[in-house]
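Each chain is listed here by its residues.
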Amino acid sequence: MNKWSKLWSEEEQRIFGELKSPALIQAFLDELPYSSDSFYRCPRRVLAERKAHCFDGAMFAAAALRRLGFPPLVIDMQAYRDDDHLLALFKVRGYWGAIAKSNFVGLRFREPIHRTLRELVLSYFPSYYNMAYDKSLRGYTAPMHLDRFDHLDWMRDDAALDLLSDKMDELRYYPILDRAMIKYLTPVDERTYQAGQYGANQEGIYWPE
């Protein structure tokens, strides 16, 4: 904790000190406006500007989880004709949970009840769709251990985040569907389509051509 305190101002430490559980970290992210900006914010900048998109939010959550004693882990969920989605992971009693900042209602917090990462990722499948009504989630990466990039000061320096994004492209990829499964997917139903966008920042939504 002494090392942690040296990284942050007193005000930053006060805010992190209020985030005493994964659920409270998620609640903090839920209160922030969703950013439609194309650039990345490090956790320090998220605190300063009080806004985030999914990449920013996952990085912030990983930093806040780290303070609670969890390793800072993220995975990238990849999609068809849609934005990818980044999750910050945590494990309780051997079961995976996740924190995420999303423009869509169903792509945020997951309780630590999932036995495997695949099981966790599949829990997002029904709510993960694009604006063409496609169920768009296709796979996920192996976890990225962010502590391996501490030399880049990723928690406090935006400059590190473009490199981390590039490094994610090198992670092992795990598909969740084969071609036959994709062929028989049905469009998302209208009620789910509308409900998932409740409160969304329309400027931050990806529209496939």
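Since the structure is predicted, the reported quantities are computational estimates derived from the model, not experimental observations. (Residues numbered from 1 in each chain as written. Predicted model: local features only at pLDDT ≥ 70, side-chain atom pairs only at ≥ 80, totals over all residues. Heavy atoms only, no water.)

Asks: Describe a negative patch on the surface, with residues and values.
Replies: Side chains of D83, D84, D162, D166 and D169 sit close together on the surface and give a patch of like negative charge. Position of D162 relative to the elements: it lies in helix α7 (residues 159-168). (Patch = residues over 30% accessible without salt bridge, like charges linked within 9 Å, V, L, I, M, F, W, Y side chains within 5 Å. Areas by Shrake-Rupley, 256 points an atom, 1.4 Å probe, with all protein chains shown as cover. Salt bridge = Lys/Arg side-chain N within 4 Å of Asp/Glu carboxyl O. Lys, Arg positive; Asp, Glu negative; His and termini not counted. Charge placed at Lys NZ, Arg CZ, Asp CG, Glu CD. Helix = DSSP H or I, 4+ residues; strand = E, 2+ residues; numbered from the N terminus.)

Asks: Account for the layout of surface pockets, with residues named and values stated.
Replies: Where empty space is left can be seen by rolling a probe of water-molecule size over the atoms. Looking at the largest pocket, its volume works out to about 590 Å³. Contributing to the lining of the largest pocket are 29 residues, with Y34, C54, D83, D84 and H85 lying nearest its centre. Taken together, the elements giving at least two residues each to the lining of the largest pocket come down to α5 (54-67), β2 (85-92) and α7. Of the residues assigned to the lining of the largest pocket, the class counts are 12 nonpolar, 11 polar and 6 charged. (1 Å grid on protein atoms, 1.4 Å probe; cavity = no way out; pocket = protein on both sides within 12 Å on 5 of 7 lines; lining within 4 Å. Points joined across faces, edges and corners; volume = space filled by probe spheres on them. Nonpolar A, V, L, I, M, F, W, Y, C, P; charged D, E, K, R; others polar.)

Asks: So what's going on with the environment of G57? Which residues, and what values?
Replies: Within the fold, G57 resides in helix α5. As a C-alpha pair, G57 and N130 span 73 residues in sequence and 20 Å in three-dimensional space. If near-sequence neighbours (up to four positions away) are discounted, G57 is found in contact with L29, A52 and K101. (Contact = heavy atoms within 4.5 Å.)

Asks: Give me the lowdown on the side chain of N130, citing residues and values where you can.
Replies: Locating N130 in the fold gives a position in the loop between α6 (117-122) and β5 (137-141). In terms of polar contacts, N130 uses its side chain to reach the backbone carbonyl oxygen of Y80, at 3.5 Å. If we ignore the near neighbours within four places in the chain, the residues touching N130 are Y80, R81, D82, S136, Y193 and P208. (Polar contact = N/O pair within 3.5 Å; in protein donor to acceptor, adjacent residues only side chain to side chain.)

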